[in-house]
Amino acid sequence: MILVNKRFLRSLFSASLIIAINVLNAGPALALGELPTDTTPPVISGAATTTILPTGATLVWTTNELAVSTFEYGTTQSYGSSSALSASAAIGGATTLAGLAPSTTYYYCIHATDTSNNSSQSCGSFTTAVASDVTAPIVSLLFAVATTTSATITWTTSENADGEVQYGTTGSYGSTSNLNATLALSHSVELSNLSTDTTYHYRVLSRDAAGNLTTGSDATFSTSALPSAGGSVTVTDTIPPVVTDVSSLSLEPHDATIAWTTDELAISTLEYGTTTSYGSSATLSGTALLIHAAELLGLQANTTYYYCIHATDLAGNVASSCGHSFTSAAQETMLDTNPPTVSLITVRPITTSSATINWTTDEIAGGYVEYGTTIGYGSETTFDTNLALTHEATLSGLSPGTEYHYRVHSHDEAGNNITTPDETFTTASLPPIPIVETPTDTTPPLISEVAVSSISSALATISWTTNELAISTLQYGTTPSYGSSAELSASGLLVHDATLVGLSPLTTYYYCIHATDLAGNTANSCGHSLSTAAPPVIADTTAPAASLVIVSSITADSALIHWTSTEQADSQIEYGTTTNYGSETPVEAETASSGSASLANLSPATTYHFRIRSYDSSGNVGLSGDYTFTTAAASGASGVSANAPPIISEIGADTIGETSATVNWTTDVPSDSLVEYGNTENLGSTAGSATLSTSHSIALADLLSDTNYQFRVVSKPAGGAAFQATSPLHDFNTLAVPIIVDPPANITSLSESTNGTGASVSFTTDELTTGQVEYGLDTSYGLNAAWAEAQEAGTLSLTNLEPGATYHYRLKAVDAGGNITYSEDHAFTTPGAPSGGQTGESFTAPPESSSNGLPAQAGGGAGGTAGGGGGGGGGGGSSAASVPVPNLVTAEGVDSEIVFSWNNPETAGFANTLIVRKAGSYPASPQDGEAIYEGPRETFTDTNLVNGTTYYYSLYSYNTANQHSYPIHVSNAPKGGVTEVKIERNAVLENVLPMEHFTDEYRERASKQTHNRLLRSAHPSST
């Protein structure tokens, strides 16, 4: 029962009391004439939703006369659901709906029938609130790119989120990058100060705006070693990136988002404008990424914009993708310009000095009343700012027996105002009889008829009555201490109710009722309780359905049937020579969404009908359509008849390469050959031969590398298609294409000379580089001298140095691929007395170490003029840096073997080459792994290997003093079916990106890019 009905009952009660008193005072009762027949249906007004939740809503309405209301609702205008309402006639009604879906539009219709059986209806709709975000972002496209002492971790999230990386040399991590609190879809974090030639564990963390956190799985990367002189293979990148998957989206009139991808890491810029001259640029990240996005703000609504994308890869190659356009969203402004409609204006009760004016509005509004003894009014009630559908204003301080003019003002939420026409009422006259003093009331009200109704999983309605007008309050909670209070009317009533919302399912609630009468006497009724219901359960009414039905192994008296199902179900086959079937197999309990059944004791050369009956765990039964097959003819004296389906066996795939494979099978009678295959269950491609044979072999070509393919074989004998047999699905995986990564440049020499307050630093590198000399009075340096033009040798001048001071310096070299190489720290002392009279510091070079973190070999000097390659230890003695590495190394994977070829160093003192193998990672030293070859030859074959498994090797050169070089890291995998050795490209050199760090979407692109680079770096060699 809603507030307006309670007030109406209160007014009706007061009016009835006045009428009864007047009748008692008036003397004999008057006879009443017959009432006219009522043919006017009730008017439904004020229908509105007062509470909207993600899974519930409360609706109220009024009628202009007593009527019985019903309510139906649903997600379509066919409705389908109804709400239980009181069967008693009332002025309007209310209902609370639960178990609704969030963010969903519901349609409803209210029906009202008055006491004369006249009916009317009022229909509308509302939309439930949005459910809170409880879903964490999804992390994808995770990969790492590492150099000698740093790594860049890149990933994407399914929604805007922040990002950070935990990392360390074990699965316990121990270090965490700075949190990038900017919410974005693409993320890139650079880790620095890492150890060379070291495997690191890492995982990413991203949290969305709602605070939902995703912690990624553990992954690893390895920093590269510092190679020595002559130990690198340079691949010059001259191919610009390819911009693809360009898309745009504008959901708001002034905003738009543009996204695109590149086939390699690249830094992007974007121009845009309302013409093809553009004129504006988007703000983008300066980090190289594979997935890019730009958010454009401050756009004009409903306007076409043109844009152009520029992408620059790490080698400086630039690509552009222009000529794109989009239209921003149209401006949609919905303004409320309609004032509320005022109806059901009543004035009651009217006393000698006051009157209460009630009215309703068709939308929530506030209001006040103007009143006075003339149409100039002169007085008004306080403006009621509480927005509601029912309204009440009390006029006080009136004169007895006086006519008053009044009109109502109502304002809705949008500020629209309505003023009703002038109306009048007359206050009551003073009674002619003496006023009898009312005895003092000291008796509290009696609370009775406490009842609970409309209990669901989230709400309940409690009702009660009092024997006199009283104002009620109600406390409730999950313990007898309560803790919550219901919102009730502040008016004195006889019939009371409270609806509790937001309750928990299957929970007991305790409640206590307090009632205070008009004389201030209070009564309590406590110790009550109720239990909420369980959430609604959605029953499974969908039957399982069979599909992909295949009949195989058909003989003269048997057949094998395979199928898949939409859900796990128990199944059986109904079969027979007609669609009436007549026979069935036993019910088989299936443990997966597929099944098979054998039919036996069939008649030769007979067509059989069959269908699949499936039973799920909810008792739903599904029947497939009708299928047929024909059994083979009986075998004659001359052997198996050609007019019968062949029996297919020994199905398999071998000689699997990166883009090819061969499928083999046998049949019991000569038949043709057909393979249906593809990288999805829909297959889509075929290859075959019309030659009849019992041994079948079909080669498949132009396949995608590192991809799962599904296939089935089909054969038919000389009897034709009527006797064709088809196998179930099988699968195989093609091999992955290795990726070659450009190693950093080697610093082959480094020296300095001083002259007064200046110095010169000379260097050579094994490829064109740019870079700088960093120098200063300590190892934090602080000063630098750079060269911007790529070169392999040069001299840089350091000026304005302090006399008699020791300076530290190191060389930083950057190759065309963006790889950075640092030399070790070196030092020199300028001539002359130090400034300020101080003596110069003495300097001792640090102990030498090799570029891969191993101790230097015997005889290494401490600081000299020749720096180690790629940041190795100082020269001056025999060390790993002074022993040349093997060069032009190649490794080719063939069936169960990997064939190596290399060139030994052409230097005096060369003794032999050592190859060390290790499982899972590259050997870190000559003793870290299994030595599989040592000698002076330039070829070697590693045998008895597992096809498709990646093997890791390190190659060292030894001189006659038993000193070894830095390692050359090589990895590859044997390939089944490949027997001819064709060494036509370099082996994979560390740093190698694991293919598992790429999603399927980018594998093909990476393979194509690698193939192009391999062609550019190919060199002749022989086995």
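Residues numbered from 1 in each chain as written. Predicted model: local features only at pLDDT ≥ 70, side-chain atom pairs only at ≥ 80, totals over all residues. Heavy atoms only, no water.

Undergrad: Explain the overall build of the chain here, please?
TA: Broken down by element type, the chain carries 2 helices and 63 strands. Counting across all 1023 residues of the chain, residues that qualify as buried make up 43%. Looking at the chain as shown, the accessible area adds up to about 49,500 Å², and 50% of this sits on carbon and sulfur atoms. (Helix = DSSP H or I, 4+ residues; strand = E, 2+ residues; numbered from the N terminus. Buried < 20%, exposed > 50% of the residue type's maximum accessible area, 1.4 Å probe, protein only. Areas by Shrake-Rupley, 256 points an atom, 1.4 Å probe, with all protein chains shown as cover.)

Undergrad: When you look at the side chain of aspartate 672 in this model, what are you seeing that I'm missing?
TA: Structurally, aspartate 672 can be placed in strand S43 (residues 661–678). Assessed through its relative accessible area of 13%, aspartate 672 is described here as buried. A polar side-chain atom of aspartate 672 sits 2.8 Å from a polar atom in the side chain of lysine 716. Look past the residues within four positions of aspartate 672 in its chain and what remains in contact with it is Ser689, Ala690, Thr691, Leu692, His696, Val714, Ser715 and Lys716. (Polar contact = N/O pair within 3.5 Å; in protein donor to acceptor, adjacent residues only side chain to side chain. Contact = heavy atoms within 4.5 Å.)

Undergrad: Got a minute to help me understand the packing of aromatic side chains in this structure?
TA: Remark: the centre distance and the inter-plane angle together describe each pair of aromatic rings, the angle taken between the planes. Using the criterion set out here, one finds 24 aromatic pairs in the structure. Arranged with centres 6.1 Å apart and planes meeting at 40°, the rings of phenylalanine 71 and tyrosine 73 form a pair that is tilted. You can call phenylalanine 71 buried: its relative accessible area is 2%. With relative accessibility at 13%, the residue tyrosine 73 sits in the buried group. The interplanar angle of 80° and the centroid separation of 4.8 Å between the aromatic rings of phenylalanine 900 and tyrosine 953 together place this pair among those described as edge-to-face. With phenylalanine 900 in strand S57 (residues 897–903) and tyrosine 953 in strand S61 (residues 951–959), this pair connects stretches of sequence that are 53 residues apart. By relative accessible area, phenylalanine 900 is classed as buried at 1%. One aromatic cluster is present, formed by Trp61, Phe71, Tyr73, Tyr106, Tyr108 and Phe126 through successive ring pairs. (Phe/Tyr/Trp six-rings, centres within 6.5 Å; stacked < 30°, edge-to-face > 60°.)

Undergrad: Even after reading the chapter, I still don't get the sheet that holds strand S34 (residues 546–552), so can you show me in this structure?
TA: Strands in a sheet are paired, the pairing made by backbone hydrogen bonds, and the direction either parallel or antiparallel. The antiparallel open sheet is built from 3 strands, whose spatial order is S34-S35-S38. In this open sheet, the two strands that pair with only one neighbour each are S34 and strand S38 (594–599). Averaged over all pairs of adjacent strands, the angle between strand axes in this sheet comes to 20°, irrespective of strand direction. Sheet topology places strand S35 (residues 559–565) next to S38; 6 bridges connect them, and they run antiparallel. (Pairing = 2+ DSSP bridges. Axes fitted to C-alpha atoms, helices over the stretch in contact; angles between N-to-C directions.)

Undergrad: Explain the state of the cysteines here, please?
TA: Here, disulfide denotes a covalent bond that connects the sulfur atoms of two cysteines. By the definition in use, this model includes 3 disulfides. Across the disulfide, cysteine 308 is cross-linked to cysteine 322 (sulfur-sulfur distance 1.7 Å). Here cysteine 308, found in strand S19 (residues 304–313), pairs with cysteine 322, found in strand S20 (residues 318–327); they are 14 residues apart in sequence, far enough to count as distant. Taking the relative accessible area as the measure of exposure, cysteine 322 reaches 40% and is therefore partly exposed. Here cysteine 512 engages in a disulfide with cysteine 526; their sulfurs sit 1.7 Å apart. Residue cysteine 512 is located in strand S32 (residues 508–517), and its partner cysteine 526 is located in strand S33 (residues 522–531); the two are separated by 14 residues in the primary sequence. (Disulfide = S-S within 2.5 Å.)

Undergrad: Before we go on, may I ask you to explain the sheet that holds strand S4 (residues 81–83) in this structure?
TA: With antiparallel pairing, the 4 strands of this open sheet are ordered in space as S4-S3-S6-S7. Single-partner strands in this sheet number two, and they are S4 and strand S7 (119–127). Going from strand to strand, the sheet's axes swing by 25° on average, the running direction of each strand aside. Bridge analysis of strand S3 (residues 67–74) against S4 gives 3 bridges, and the strand direction is antiparallel.

Undergrad: Would you mind going over the environment of glycine 99 with me for this structure?
TA: Checked against the element boundaries, glycine 99 lands in the loop between strand S5 (93–98) and strand S6 (105–114). Expressed as a C-alpha distance, the spacing of glycine 99 and alanine 57, which sit 42 residues apart in the sequence, is 9.5 Å.

Undergrad: What should I look at first to understand the pattern of salt bridges in this one?
TA: Opposite charge on two side chains makes pairing possible when the charged atoms of those side chains draw close. For the structure shown, the criterion picks out 10 salt bridges. Put simply, arginine 407 and glutamate 370 hold a salt bridge, and the shortest N to O gap is 2.7 Å. In this pair, arginine 407 is assigned in strand S25 (residues 403–412) and glutamate 370 in strand S22 (residues 355–372), connecting sequence segments 37 residues apart. On the accessibility criterion, arginine 407 (27% relative accessible area) is partly exposed. What makes glutamate 370 buried here is its relative accessible area of 15%. Note that lysine 975 and glutamate 658 form a salt bridge whose closest N and O atoms lie 2.8 Å from each other. Here lysine 975, found in the loop between strand S62 (968–972) and strand S63 (988–989), pairs with glutamate 658, found in the loop between strand S42 (648–654) and S43; they are 317 residues apart in sequence, far enough to count as distant. As far as burial versus exposure is concerned, lysine 975 and glutamate 658 are alike and both buried. (Salt bridge = Lys/Arg side-chain N within 4 Å of Asp/Glu carboxyl O.)

Undergrad: Looking at this model, I keep getting lost on the side chain of glutamate 370. Mind explaining?
TA: At a separation of 2.7 Å, a polar atom in the side chain of glutamate 370 contacts the side chain of arginine 407. Within polar-contact distance, the side chain of glutamate 370 engages the side chain of histidine 409 at 2.6 Å. Look past the residues within four positions of glutamate 370 in its chain and what remains in contact with it is Tyr377, Ser379, Glu380, His405, Tyr406, Arg407 and His409.

Undergrad: What is the right way to look at the pairing of strand S48 (residues 747–755) in this model?
TA: Regular strands place their side chains on alternate faces of the sheet. Bridge count for S48 against strand S49 (residues 758–776) is 8 bridges, and the pairing is antiparallel. Its bridge partner being in S49, serine 749 is matched across the sheet by threonine 764. Counted along the chain from S48 to the antiparallel partner S49, the turn is 2 residues long, and its residue glycine 756 has a positive phi close to 70°.

Undergrad: Would you mind going over unusual backbone geometry with me for this structure?
TA: Negative phi values dominate among residues other than glycine, just as trans dominates among peptide bonds. Here arginine 348 and proline 349 are connected by a cis peptide whose omega angle stands at 0°. Of note, proline 349 is situated in strand S21 (residues 342–350). Backbone geometry places tyrosine 377, a non-glycine residue, at a positive phi of 60°. Turning to its location among the elements, tyrosine 377 is positioned in the loop between S22 and strand S23 (379–380). Look at asparagine 800: it is not a glycine, yet its phi comes out positive at around 60°.

Undergrad: Sorry, what's going on with the environment of threonine 659 here?
TA: Turning to its location among the elements, threonine 659 is positioned in the loop between S42 and S43. Between the C-alpha atoms of threonine 659 and leucine 700, which are 41 residues apart in sequence, the distance is 8.4 Å. Threonine 659 has contacts with Leu700, Ala701, Asp702 and Leu703, leaving out every residue within four places of it along the chain.

Undergrad: Can you help me understand the environment of threonine 578 in this one?
TA: Of note, threonine 578 is situated in the loop between strand S36 (570–576) and strand S37 (583–584). The class for threonine 578 is partly exposed, based on a relative accessible area of 38%. Along the primary structure threonine 578 and threonine 628 are separated by 50 residues, whereas in three dimensions their C-alpha atoms are 9.6 Å apart.

Undergrad: What's the story with the confidence of the model for the chain in this structure? I'm lost.
TA: Averaged over all residues, the pLDDT of the chain is 81; the fraction at 70 or higher stands at 83%. Looking across the chain, the model is least confident in strand S54 (residues 867–868), with a mean pLDDT of 30, and most confident in strand S12 (residues 199–207), with 95. Across residues 230–235, confidence stays below pLDDT 50; counting only partners more than four residues off in sequence or on other chains, it has 22 contacts. Confidence drops under a pLDDT of 50 for residues 835–881, and excluding neighbours within four residues, the segment shows 106 contacts in the predicted structure. (pLDDT = per-residue confidence, 0-100.)

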